[in-house]
2 protein chains.
Amino acid sequence: MSGPGFMTLALAEAEAASARGEVPVGAVIVKDGQVIAQAGNRVEELGDSTAHAEMLALRAATLFLGDKRLEDCDLYVTLEPCPMCAAAISLARIRRLYFGAYDPKSGGVEHGAKVFDHATCHHRPEVYGGLEERRSASLLSRFFAERR
Amino acid sequence: MSGPGFMTLALAEAEAASARGEVPVGAVIVKDGQVIAQAGNRVEELGDSTAHAEMLALRAATLFLGDKRLEDCDLYVTLEPCPMCAAAISLARIRRLYFGAYDPKSGGVEHGAKVFDHATCHHRPEVYGGLEERRSASLLSRFFAERR
């Protein structure tokens, strides 16, 4: 599986989240070309405001590797991470971050707090935004349109 | 118990963390004058770079209340939260944040990303920094001095 394939898998996690009534966001973590963790948003199911797809995937990858540092790992997520997730991605030492839709309202990478753009950010992943942007964004807009 | 008492309890959690070989940070969450969650840093024990005292306390409080929104809850922590924890505090709708030592190197409230100071931050707690600042800071400096 290659980069686009990993984002397709993240999109499938986002669709599964949507089917559970969750804001559709999915994340996948890859090391040496292998998926080592994947997760969808579970904020409503777990009743936990921090249970974003990225946080769940980071914890799963950490458990899988038995290492708090996810060296040489790349994270694919369908939406620009919020500041919490961006900072967690930095703490975990993720190598590359690929995200789908930009999030001007709540994003923390290209918007708002811009977590990686400060001298106090001790690790900045390589960042690639807008990968499968349209599919990621349309999942989200469909989800919110159905609830209005 | 009152404000200073809650910070003393957070300091006890920080001391317990130090005894476990963890960077000494402790956190307490209070609702209606009662402690509903308390935690110390467990990054090393859990091998999880996101297992900061605040994150663990937020999740424990969420489980305790059965509600993803920690309305009318106040969080006491011995160190200025990092951007991940600051953003998590915002997502959880914490009412007031009291912290001990300022953290110019890694803090995300008064330093660096200043997570609460952006229009994209949807909930900003009241923030009180420097509560029991000296005790909080000396725990940290003693911990790092012993390891150098």
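Just above, that's the structure.
In this text, all values refer to a predicted model and were calculated from it rather than measured experimentally. (Residues numbered from 1 in each chain as written. Chains lettered and ligands numbered in written order. Predicted model: local features only at pLDDT ≥ 70, side-chain atom pairs only at ≥ 80, totals over all residues. Heavy atoms only, no water.)

## Brief notes about the interface of chain B and chain A
Reasoning step 1: Taken together, the contact pairs 28 residues of chain B with 28 residues of chain A.
Reasoning step 2: Overall, the association of chain B and chain A removes approximately 2,300 Å² of surface from exposure, summing both partners, and the carbon and sulfur fraction of that is 62%.
Reasoning step 3: Applying the counting criterion to the chain B and chain A interface returns two salt bridges.
Reasoning step 4: For A:Lys68, the salt bridge goes to B:Glu44, with nearest N and O atoms at 2.7 Å.
Reasoning step 5: The tally of links from chain B across to chain A stands at 10 residue pairs in polar contact (both at pLDDT 80 or more).
Reasoning step 6: For the side of chain B that touches chain A, the secondary-structure elements that each account for two or more residues are helix 2 (43-46), helix 3 (53-65) and helix 4 (83-91) of chain B. (Contact = heavy atoms within 4.5 Å. Buried area = accessible area lost by both parts, 1.4 Å probe. Salt bridge = Lys/Arg side-chain N within 4 Å of Asp/Glu carboxyl O. Polar contact = N/O pair within 3.5 Å; in protein donor to acceptor, adjacent residues only side chain to side chain. Helix = DSSP H or I, 4+ residues; strand = E, 2+ residues; numbered from the N terminus.)

## So, a negative patch on the surface
Residues and elements named next belong to chain A.
Reasoning step 1: Taken together, Asp32, Asp67, Glu71 and Asp72 make up a surface patch of like negative charges.
Reasoning step 2: Relative to the assigned elements, aspartate 32 resides in the loop between strand 1 (26-31) and strand 2 (34-40).
Reasoning step 3: The exposure class assigned to aspartate 32 is exposed, which follows from its relative accessible area of 64%. (Patch = residues over 30% accessible without salt bridge, like charges linked within 9 Å, V, L, I, M, F, W, Y side chains within 5 Å. Areas by Shrake-Rupley, 256 points an atom, 1.4 Å probe, with all protein chains shown as cover. Lys, Arg positive; Asp, Glu negative; His and termini not counted. Charge placed at Lys NZ, Arg CZ, Asp CG, Glu CD. Buried < 20%, exposed > 50% of the residue type's maximum accessible area, 1.4 Å probe, protein only.)

## Brief notes about the nonpolar core
Reasoning step 1: In this structure, A:Ile29 and B:Ile29 are the most contacted members of the largest nonpolar core, which totals 74 residues.
Reasoning step 2: If we skip the residues at most four places from it in the chain, B:Ile29 touches B:Gln34, B:Val35, B:Ile36, B:Ala37, B:Ala57, B:Leu58, B:Ala61, B:Leu70, B:Cys73, B:Asp74, B:Leu75 and B:Ile94. (Core = buried A, V, L, I, M, F, W, Y, C linked by side-chain atoms within 4.5 Å.)

## Let's talk about the pairing of strand 4 (residues 96-101) of chain B
Residues and elements named next belong to chain B.
Reasoning step 1: Burial analysis of strand 4 places five of its six residues in the buried class, the great majority of the element.
Reasoning step 2: Here five bridges tie strand 3 (residues 73-79) to strand 4, and the two strands are oriented parallel to one another. Bridge pairing in strand 4 places leucine 79 opposite alanine 101.
Reasoning step 3: Remark: the strand 3/helix 4/strand 4 crossover connection has right-handed handedness.
Reasoning step 4: Inspection of the sheet shows strand 4 paired to strand 5 (residues 126-128) by three bridges, in the parallel sense. Bridging from a neighbouring strand, leucine 97 pairs with valine 127 of strand 5. (Pairing = 2+ DSSP bridges. Right-handed = clockwise from strand over helix to strand, strands pointing away.)

## Digging into helix 5 (residues 133-146) of chain A
Residue and element names in this part refer to chain A.
Reasoning step 1: With 14 residues, helix 5 extends 20 Å between its outermost C-alpha atoms, agreeing within 8% with the 20 Å of an ideal straight helix rising 1.5 Å per residue.
Reasoning step 2: Of the positions making up helix 5, those classed as buried are Ser136, Leu139, Leu140 and Phe143. Across the axial projection of helix 5, the buried residues extend over an arc of 90 degrees, all falling on one side. Structural note: helix 5 exposes Arg134 and Glu146 on the side pointing more than 90 degrees away from its buried face. (Expected span 1.5 Å × (residues − 1). Arc of directions from axis to C-beta.)

## Here's the deal with the packing of aromatic side chains
Here a ring pair, both rings aromatic, is described through the centre-centre distance and the interplanar angle of the planes.
Residue and element names in this part refer to chain A.
Reasoning step 1: Inspection of every chain in the model, using the stated rule, returns 10 aromatic pairs over all chains.
Reasoning step 2: Both rings, one in tyrosine 76 and one in tyrosine 98, keep their centres 4.5 Å apart while their planes meet at 5 degrees; by these two values the pair is stacked. Here the residue tyrosine 76 occupies a position in strand 3 (residues 73-79), and tyrosine 98 occupies one in strand 4 (residues 96-101), the gap between them amounting to 22 residues. A single burial state applies to tyrosine 76 and to tyrosine 98, both of which are buried.
Reasoning step 3: Ring centres 5.1 Å apart and planes at 80 degrees place the aromatic pair phenylalanine 99 and tyrosine 102 in the edge-to-face group.
Reasoning step 4: Phenylalanine 99 gets classed as buried once you look at its relative accessible area, which sits at 0%. (Phe/Tyr/Trp six-rings, centres within 6.5 Å; stacked < 30°, edge-to-face > 60°.)

## Comments concerning the side chain of A:Ser90
Residues and elements named next belong to chain A.
Reasoning step 1: Secondary-structure assignment places serine 90 in helix 4 (residues 83-91).
Reasoning step 2: Engagement of the side chain of serine 90 in a polar contact is seen with the backbone oxygen of histidine 123, the distance being 2.6 Å.
Reasoning step 3: Setting aside residues up to four positions removed in sequence, serine 90 forms contacts with Phe116, Cys121, His122 and His123.

## Looking at the pattern of salt bridges
Reasoning step 1: Tallied over the full model, the rule gives 18 salt bridges over all chains.
Reasoning step 2: Put simply, A:Asp74, A:Arg95, A:Arg96 and A:Glu126 are held in one network by salt bridges that share partners.

## Concerning the packing of helix 4 of chain A against helix 4 of chain B
Reasoning step 1: Interaxial distance between helix 4 of chain A and helix 4 of chain B falls to 7 Å at its minimum, and their mutual angle equals 155 degrees. Between helix 4 of chain A and helix 4 of chain B, the angle is such that the two are roughly antiparallel. In this structure, the crossing between helix 4 of chain A and helix 4 of chain B has a hand that is left-handed. Seen from helix 4 of chain A, the contacting residues are A:Pro83, A:Met84, A:Ala87, A:Ala88 and A:Leu91; seen from helix 4 of chain B, they are B:Pro83, B:Met84, B:Ala87, B:Ala88 and B:Leu91.
Reasoning step 2: Tallied by class, residues from the contact of helix 4 of chain A with helix 4 of chain B come to 10 nonpolar, no polar and no charged. (Axes fitted to C-alpha atoms, helices over the stretch in contact; angles between N-to-C directions. Parallel < 35°, antiparallel > 145°, perpendicular 65-115°, else oblique. Left-handed = near helix turned anticlockwise from the far one by under 90°. Nonpolar A, V, L, I, M, F, W, Y, C, P; charged D, E, K, R; others polar.)

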